[in-house]
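# Residue-level structural notes
Given next are the chains, with one letter for each unit.
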Amino acid sequence: MSNKTFTLDERLYDYLLAVSLREPPILAELRRETRADPLARMQIAPEQGQFMALLARLMGARRYLEIGVYTGYSSLWLALALPEDGHVVACDTSEEWTRIARRYWERAGVAHKVELRLAPALSTLDALIASGETERFDLAFIDADKENYWAYFQRCLTLVRPGGLIAIDNTLWSGKVADPDDHEPTTEAVRAFNRRLSGESRVELALVPIGDGLTLALKR
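In this text, all values refer to a predicted model and were calculated from it rather than measured experimentally.

## Topic: the pattern of salt bridges
Evaluation of the coordinates by the stated rule reveals 15 salt bridges. Note that Glu10 is salt-bridged to Lys4, the shortest N-O span being 3.7 Å. By relative accessible area, Glu10 is classed as partly exposed at 49%. With a closest N to O distance of 3.3 Å, Glu135 and Lys219 form a salt bridge. Residue Glu135 is located in the loop between helix 6 (121-130) and strand 4 (137-142), and its partner Lys219 is located in strand 7 (residues 214-219); the two are separated by 84 residues in the primary sequence.

Written out as C-alpha cells, the structure reads:
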C-alpha cells in the first residue's frame, strides 16, 4: 500500500503537490493525525482524494458508496464534493478508526450526509440490494480487504446505476503485481482481481497510475 503516488520520485511528487493540490485544511489536519497510526499507509493519497472528488463533481454524483472507511479521509473528500442533499453510505467494521472519521465529518459540517454502517461490508451490500437500492448509487469506491475485491465489485455493479462509476484502490499494489517472484496472498488476490476485471464486458475500464493504482470501471 502507498499513501502517495508511488510511481513518482520525491522531487517530481513534491512538484505535483505544489502545483496542483488544493486540499482543504480540515483534510490536511485529518491526514496529519492519521500519520501517527502504524497503518497510515492505508490512507489514500491526497492527490487521489482530490481526483476522486473531481470525478464526483464531473458526474454530478449525489449518492456515494464507500467500502473501507479507515479514518475517513476519502469519505470526507467525497462528502465535501457532493451537494448539500448528497448521501454517503460508508462501510467499515472498526469502531476505533471510524470514531476519528465521525469527528472529522462533524467538524467539516458533512456528518448529515454520511450514513456509517459498522458491519462486514458484504452483509451491508447485500442488505442494500435487498432493501431496493439497486442502481441507486452514482459512484462507489472499493478500498478494503483484497481477497473480497471481486465480491465487492459484483455487488457494486448491482448497486451503481448505468453510467455510474466504480473506483477500486490499490490495483498496482506498489508494483508488486508485476513482480513474478511475489506470491504473497494479497498480491495474488489483487492480480486475480485485475485479470478478472480486464475481461468484464459490463464496464468500460481504465487503470490510472495515481496513488497505489486506481482502477475506474464505468458501468455500461
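That covers the picture; the talk isn't over yet.
## Overview of the packing of helix 1 (residues 10-20) against helix 3 (residues 46-59)
Two measures define how a pair of helices packs: the angle their axes make with one another and the distance between the axes. Across the interface, helix 1 lies against helix 3 with an axial gap of 11 Å and an inter-helix angle of 40 degrees. Judged by the angle between their axes, helix 1 and helix 3 are oblique. As for how helix 1 packs across helix 3, the hand of that crossing is left-handed. Here Tyr13, Leu16, Leu17 and Ser20 of helix 1 come into contact with helix 3, specifically with Pro46, Glu47 and Gln50. When the residues that make up the contact of helix 1 with helix 3 are grouped by side-chain class, the tally is 4 nonpolar, 2 polar and 1 charged.

## Considerations on the side chain of Asp92
Take Asp92: it is sitting in strand 2 (residues 87-92). No salt bridge is formed by the buried Asp92; its nearest oppositely charged neighbour, Arg102, is found at 10 Å. In this structure the side chain of Asp92 is engaged in a polar contact, spanning 2.7 Å, whose partner is the backbone nitrogen of Val69. A polar side-chain atom of Asp92 sits 3.1 Å from the main-chain amide nitrogen of Tyr70. Not counting residues within four places of it along the chain, the set of residues in contact with Asp92 comprises Gly68, Val69, Tyr70, Thr98, Arg117, Leu118 and Ala119.

## A closer look at the sheet that holds strand 1 (residues 63-67)
Strand order in the open sheet made by the 7 strands is 3-2-1-4-5-7-6, with mixed pairing throughout. Here the strands that pair on one side only, and so sit at the sheet edges, are strand 3 (114-118) and strand 6 (203-208). Strand-to-strand twist of the sheet, defined as the mean angle between neighbouring strand axes without regard to direction, takes the value 15 degrees. In the sheet, strand 1 pairs with strand 4 via 4 bridges, with the strands oriented parallel. Note on strand 4: the bridge partner recorded for Glu66 is Phe141.

Reading guide: rules and limits
- Residues numbered from 1 in each chain as written.
- Predicted model: local features only at pLDDT ≥ 70, side-chain atom pairs only at ≥ 80, totals over all residues.
- Heavy atoms only, no water.
- Salt bridge = Lys/Arg side-chain N within 4 Å of Asp/Glu carboxyl O.
- Buried < 20%, exposed > 50% of the residue type's maximum accessible area, 1.4 Å probe, protein only.
- Helix = DSSP H or I, 4+ residues; strand = E, 2+ residues; numbered from the N terminus.
- Axes fitted to C-alpha atoms, helices over the stretch in contact; angles between N-to-C directions.
- Parallel < 35°, antiparallel > 145°, perpendicular 65-115°, else oblique.
- Left-handed = near helix turned anticlockwise from the far one by under 90°.
- Contact = heavy atoms within 4.5 Å.
- Nonpolar A, V, L, I, M, F, W, Y, C, P; charged D, E, K, R; others polar.
- Lys, Arg positive; Asp, Glu negative; His and termini not counted.
- Polar contact = N/O pair within 3.5 Å; in protein donor to acceptor, adjacent residues only side chain to side chain.
- Pairing = 2+ DSSP bridges.

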